[in-house]
Amino acid sequence: MATDTKAEHEDLGFEDINKYDFRNEEKYIFKSRKGLDADIVSEISAMKKEPEWMRDFRLRSLDIFNSKPMPNWGGNINIDFQDIYYYIKPSDRQGHSWDDVPAEIKDTFDKLGIPEAEKKYLAGVKAQYESEVVYGSLQEDLEKQGVIFTDTDSAVREYPDLVQEYFAKVIPPEDNKFAALNSAVWSGGSFIYVPPGVKIEFPLQAYFRINAESMGQFERTLIIVDEGAQVHYVEGCTAPKYTTESLHSAVVEIMVKKGGRCRYTTIQNWANNIYNLVTKRAVAYRDATMEWVDGNLGSQLTMKYPAVYMMEPGARGEILSIAFANKGQHQDAGAKVVHAAPDTSSLIVSKSISRGGGRSSYRGLVKVEDGAKNSKSSVVCDALILDPISRSDTYPYIEVEEDEVTIGHEASVSRINEEQLFYLMSRGLSEPEASTMIVNGFVEPLVKELPMEYAVEMNRLIQLQMEGSVG
Amino acid sequence: MTETLKICDLHVSVEGKPILKGVNLTLNRGEVHALMGPNGSGKSTLGLALMGHPRYEVTSGSVELNGEDLLEMEVHERARAGLFMAFQRPMSIPGVKMADFLRHASTNVRNPDRKEGEDLIPMREFRKELKSKMDQLKMDTQFARRYVNEGFSGGEMKRAEILQLAMLRPKFAILDETDSGLDADAVRLASTSIAEIGGAEMGILIITHHERLLEHNRPDYTHVMLGGRIVETGGAELAAELHKEGYGRIRHEHPEAAAENESMEEETTASS
Ligand SMILES: Nc1ncnc2c1ncn2[C@@H]1O[C@H](COP(=O)(O)OP(=O)(O)OP(=O)(O)O)[C@@H](O)[C@H]1O
Ligand SMILES: [Mg+2]
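Please read all numbers here as calculations on a predicted model, not as lab measurements.

**Thoughts on the pattern of salt bridges**
A side chain with one charge can pair with a side chain of the opposite charge if their charged atoms come near.
Next, step 1: In the structure shown here, the tally under the stated rule is 36 salt bridges over all chains.
Next, step 2: Residues B:Glu201 and B:Arg29 are paired through a salt bridge, measuring 3.9 Å at the closest nitrogen-oxygen approach. Here B:Glu201, found in the loop between α6 (184-198) and β8 (203-207), pairs with B:Arg29, found in the loop between β2 (17-28) and β3 (32-36); they are 172 residues apart in sequence, far enough to count as distant.
Next, step 3: B:Arg110 is the partner of B:Glu129 in a salt bridge, and the nearest nitrogen-oxygen pair spans 2.6 Å. Within this pair, whereas B:Glu129 is found in helix α4 (residues 123-136), its partner B:Arg110 is found in helix α3 (residues 98-110), the two being separated by 19 residues in sequence.
Next, step 4: With relative accessibility at 16%, the residue B:Glu129 sits in the buried group.
Next, step 5: By sharing partners, the salt bridges in this structure join A:Arg261, A:Arg263, A:Glu291 and A:Glu449 into a single network.

Written out as structure tokens, the structure is:
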């Protein structure tokens, strides 16, 4: 009957985090000086004991970064690149004690009812707890099937051939200024390899990797899904990430080979001072499917356009995104699909909410190359604006070099419907409660694609955004 | 003391245009009142104004619910004070599941002082109650998982309104053409269910153009609205007469109100 799973989940109380014993780690082990130059980049590479090719790659990327102008589109970026620490050894970053985590962040964790393992991960607190056991057995199970799931730094040391073959092939440093920056100073991120035919049934979650570098501002994630293999990777950062730095610039590269399937789900909720400039791209080969599910909350400016390049016939790309722009925030998010072969198909669904003077933009590119016959693409973007001071824009770009294609584009901008509000309030819901319910309903078609616990958190996050207690 | 919804000389305008021109009506808990009248006479307007719809502006008059000023209350406060309206045209809310919506609604109405974010009725308890109410109304339980009124047929929407009535158990209920769109069996079921839910517990104002709903909810009073006023009040026999004879006699005896009703209708047809 009424299997209202969301509501049911609310009954599961998570244990109080303060009960757990946190170890105070040493303050820090290594911190590079502020700023960005060849010495610092070499130093980072040396600290990580990297092979020569990686050091050379970093230095070359630094040159590219320096030679590229700042993007003159998207949002206003006002960053002093010399005023940033580019590398902090993880034991420092993860060594925060729970006491150092600001009260409002803890408070949010509690309100969200985030699983305890994830709270610590999010707060950058490294602690001893039972999940390590869970993680251990999971790891063992995956290893038996030949799956590699580790952090990218370790992968460079432990799987040099594999890494060298695929690293920076999907997103070369020349791609854009921030990809170049990441290439020069990257640290952390996930490395996943799924061998041919292996289908991983449960979502792989970043916070399982509690022993690894995971809180990087310049994460570098690389996922290789071999022929006929399948994986769902979830990067859940549903509480405001606790970082003292103001720039987050990640690169995520994914390769899905013939008949493979990959879904990458991210929910990110950043502190309001953060610039979140991320390059995410996947290539999909014959009959392969790539799906990005992307939720963006918080930050001062997010620029993120997950991309799928469909290289061979039968490839499919889907990009589903939700953005919530609150006071002082600009969410410039969207999608990019490139149809480079016949019989490829793509779907882009974008939902944005603007409130309290926030601004959300959908920026999307659908490109169909010459010869990509029978390509199909469908774009749907819906914006909900909650008050007169907020803003929403749509920048859809379509480049088609082929005649035999089907392309659909629908866009809508709406405000909260007075009649709907009245209907809910006539049943006893207060105005904020009714608005929240309407907003949750608006994003529901995408939220229901999330793993259950994330769907619950997403709804709570929206509730918090609506109350104004976050942001 | 009997609990009462007391409407005195109520004037209501929509977009500056007067629709209700002095309505008086007293509804006691435990009574059934039928409100009849030709199309466009202002029946729905009365209900919506009582519920507090933002587009229906009360320009003068008063409404008391058990001695309290109803018109001072916000919409959700009216619901929590025990007022309910089953709408002639319920809104759909995409993406919001019936079960979620009903759980929030029931929790709020049962704990009028609840603040946002406070606990909801425990899932298990709620689920059991919802299931039994749905069984009673012969509603497929899968409706609980559907989005509020989204894609519901006309009859399904009306049934969903009755389900809400059953869950919220208000003190005073206005049922605005809850019988329209229902097939013959469903009307009979609605009629008996409303009687079961209401009984002596509720004061019910039934707005209808048909007889069936009144079969099991025999009106203590029948009011006839014309041109934004209640022009006649009688017993159950008045409802029966109107069903048989139509509004000819009423119009004839109240030519002024009849003229106003017509002019209101003309304006609407001209502007639409
Ligand atoms: N929101 C509105 N905007 C414009 N006009 C309105 C609105 N609501 C009511 N009216 C007008 O007020 C008059 C009374 O309408 P109301 O819906 O109350 O009639 P009714 O008695 O319920 O009719 P019916 O039996 O057809 O349901 C009509 O002329 C109608 O067009
Ligand atoms: Mg009506």
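**Overview of the coordination of the magnesium ion (ligand 2)**
All names here are of chain B.
Next, step 1: The coordination sphere of the magnesium ion (ligand 2) contains the protein donors Ser44 (OG) and Gln88 (OE1), at a distance range of 2.0 to 2.2 Å. In this pair, Ser44 is assigned in helix α1 (residues 43-51) and Gln88 in the loop between β6 (83-86) and α3, connecting sequence segments 44 residues apart.
Next, step 2: Accessibility expressed as a relative area gives 22% for Gln88, which makes it partly exposed.

**Section: the site of ligand 1**
All names here are of chain B.
Next, step 1: Around ligand 1, the structure places 17 residues, and the nearest of them are Gly40, Lys43, Ser44, Thr45 and Tyr56.
Next, step 2: Taking Ser41, its main chain carries an N or O atom lying 3.2 Å from an oxygen atom of ligand 1.
Next, step 3: Backbone polar atom of Gly42 to an oxygen atom of ligand 1: 3.0 Å apart, as the coordinates give it.
Next, step 4: Taken by itself ligand 1 offers 630 Å² of open surface, and the protein chains cover 79% of this.

**Considerations on a negative patch on the surface**
Residues and elements named next belong to chain A.
Next, step 1: Taken together, the side chains of Asp370, Glu401, Asp403 and Glu404 define an acidic patch exposed on the protein surface.
Next, step 2: For Asp403, the position within the fold is in the loop between β18 (391-400) and β19 (405-415).
Next, step 3: Relative accessible area serves as the criterion here: at 74%, Asp403 is assigned to the exposed category.

**Concerning the environment of B:Pro90**
Next, step 1: Structurally, B:Pro90 can be placed in the loop between β6 and α3.
Next, step 2: Overall, the relative accessible area of 9% leaves B:Pro90 in the buried class.
Next, step 3: Remark: the alpha-carbon pair of B:Pro90 and B:Ala160, spanning 70 residues in sequence, is separated by 9.3 Å.
Next, step 4: Non-local contacts of B:Pro90, meaning those with residues more than four positions away in its chain, are made with A:Tyr423, B:Asn149, B:Met157, B:Lys158 and B:Glu161.

**A look at the sheet that holds β3(B)**
Residues and elements named next belong to chain B.
Next, step 1: Ordered in space as β6-β7-β8-β3-β9-β10, the six strands form an open sheet in which the pairing is mixed. In the strand order of this sheet, the two ends are held by β6 and β10 (229-234), each with one partner. Put simply, the sheet's adjacent strands are angled 20 degrees from each other on average, direction ignored.
Next, step 2: Of the pairings in the sheet, the one linking β6 to strand β7 (residues 172-176) comprises four bridges and is parallel in character. Opposite Met85, over in β7, you have Ile174 as the bridge partner.
Next, step 3: Against the sheet, α1 contacts β3, β6, β7, β8 and β9 (221-226), and its axis sits at roughly 140 degrees relative to β6.
Next, step 4: Across the sheet, helix α5 (residues 154-168) is in contact with β6 and β7; its angle to β6 comes to roughly 165 degrees.

**Here's the deal with the interface of chain B and chain A**
Next, step 1: Between chain B and chain A, the residue contacts involve 48 residues of the former and 31 residues of the latter.
Next, step 2: Across the chain B to chain A interface the summed buried area is about 3,400 Å²; carbon plus sulfur atoms make up 61%.
Next, step 3: Residues B:Glu161 and A:Arg427 are paired through a salt bridge, measuring 2.7 Å at the closest nitrogen-oxygen approach.
Next, step 4: The tally of links from chain B across to chain A stands at 13 residue pairs in polar contact (both at pLDDT 80 or more).
Next, step 5: Those elements giving two or more residues to the side of chain B that touches chain A turn out to be α1, α2 (75-80), β6, α3, α4 and α5 of chain B.
Next, step 6: Residue composition of the side of chain B that touches chain A, grouped by class: 25 nonpolar, eleven polar and twelve charged.

**Describing the sheet that holds strand β1 (residues 4-14) of chain B**
All names here are of chain B.
Next, step 1: Here we have four strands laid out as an open sheet, ordered β2-β1-β4-β5, and antiparallel in their pairing. Edge positions in the open sheet fall to β2 and β5 (68-69), since each of these has one partner strand only.
Next, step 2: As paired elements, strand β4 (residues 56-65) and β5 share two bridges and run antiparallel to each other. The residue bridging Glu64 from the neighbouring strand is Asp69, located in β5.
Next, step 3: Those strands touched by α1 are β1, β2 and β4, and its axis lies near 105 degrees from that of β1.

**Details of the packing of aromatic side chains**
Next, step 1: Overall, the coordinates contain 14 aromatic pairs over all chains when judged by the stated rule.
Next, step 2: An angle of 25 degrees between the planes, with centres 6.0 Å apart, marks the rings of A:Tyr423 and B:Phe101 as stacked. Highlighted residues: A:Tyr423 in helix α11 (residues 418-425) and B:Phe101 in helix α3, drawn from two different chains.
Next, step 3: Since its relative accessible area comes to 0%, B:Phe101 is described here as buried.
Next, step 4: Three or more aromatic residues link up through ring pairs in this structure, and these residues are A:Trp53, A:Phe57, A:Phe167 and A:Trp186.
Next, step 5: When the ring centre of A:Trp186 is taken as origin, the NZ or CZ atom of A:Lys48, which lies over that ring, is 5.8 Å away.

**Overview of the packing of helix α12 (residues 431-447) of chain A against helix α13 (residues 452-467) of chain A**
All names here are of chain A.
Next, step 1: Packing of α12 against α13 leaves a shortest axis separation of 10 Å and a crossing angle of 145 degrees. In the crossing of α12 with α13, the sense of the turn from one axis to the other is right-handed. Across from Ser435, Thr436, Val439, Asn440, Val443 and Val447 in α12, the residues of α13 making contact are Ala455, Met458, Asn459, Ile462, Gln463 and Met466.
Next, step 2: Its residues placed into classes, the contact of α12 with α13 shows seven nonpolar, five polar and no charged.

Parameters and conventions
Residues numbered from 1 in each chain as written. Chains lettered and ligands numbered in written order. Predicted model: local features only at pLDDT ≥ 70, side-chain atom pairs only at ≥ 80, totals over all residues. Heavy atoms only, no water. Salt bridge = Lys/Arg side-chain N within 4 Å of Asp/Glu carboxyl O. Helix = DSSP H or I, 4+ residues; strand = E, 2+ residues; numbered from the N terminus. Buried < 20%, exposed > 50% of the residue type's maximum accessible area, 1.4 Å probe, protein only. Donors = N, O, S within 2.8 Å, 3.2 Å for Na, K, Ca; no water. Near = heavy atom within 4 Å. Polar contact = N/O pair within 3.5 Å; in protein donor to acceptor, adjacent residues only side chain to side chain. Areas by Shrake-Rupley, 256 points an atom, 1.4 Å probe, with all protein chains shown as cover. Patch = residues over 30% accessible without salt bridge, like charges linked within 9 Å, V, L, I, M, F, W, Y side chains within 5 Å. Lys, Arg positive; Asp, Glu negative; His and termini not counted. Charge placed at Lys NZ, Arg CZ, Asp CG, Glu CD. Contact = heavy atoms within 4.5 Å. Pairing = 2+ DSSP bridges. Axes fitted to C-alpha atoms, helices over the stretch in contact; angles between N-to-C directions. Buried area = accessible area lost by both parts, 1.4 Å probe. Nonpolar A, V, L, I, M, F, W, Y, C, P; charged D, E, K, R; others polar. Phe/Tyr/Trp six-rings, centres within 6.5 Å; stacked < 30°, edge-to-face > 60°. Lys NZ or Arg CZ within 6 Å of the ring centre and 35° of its normal. Left-handed = near helix turned anticlockwise from the far one by under 90°.

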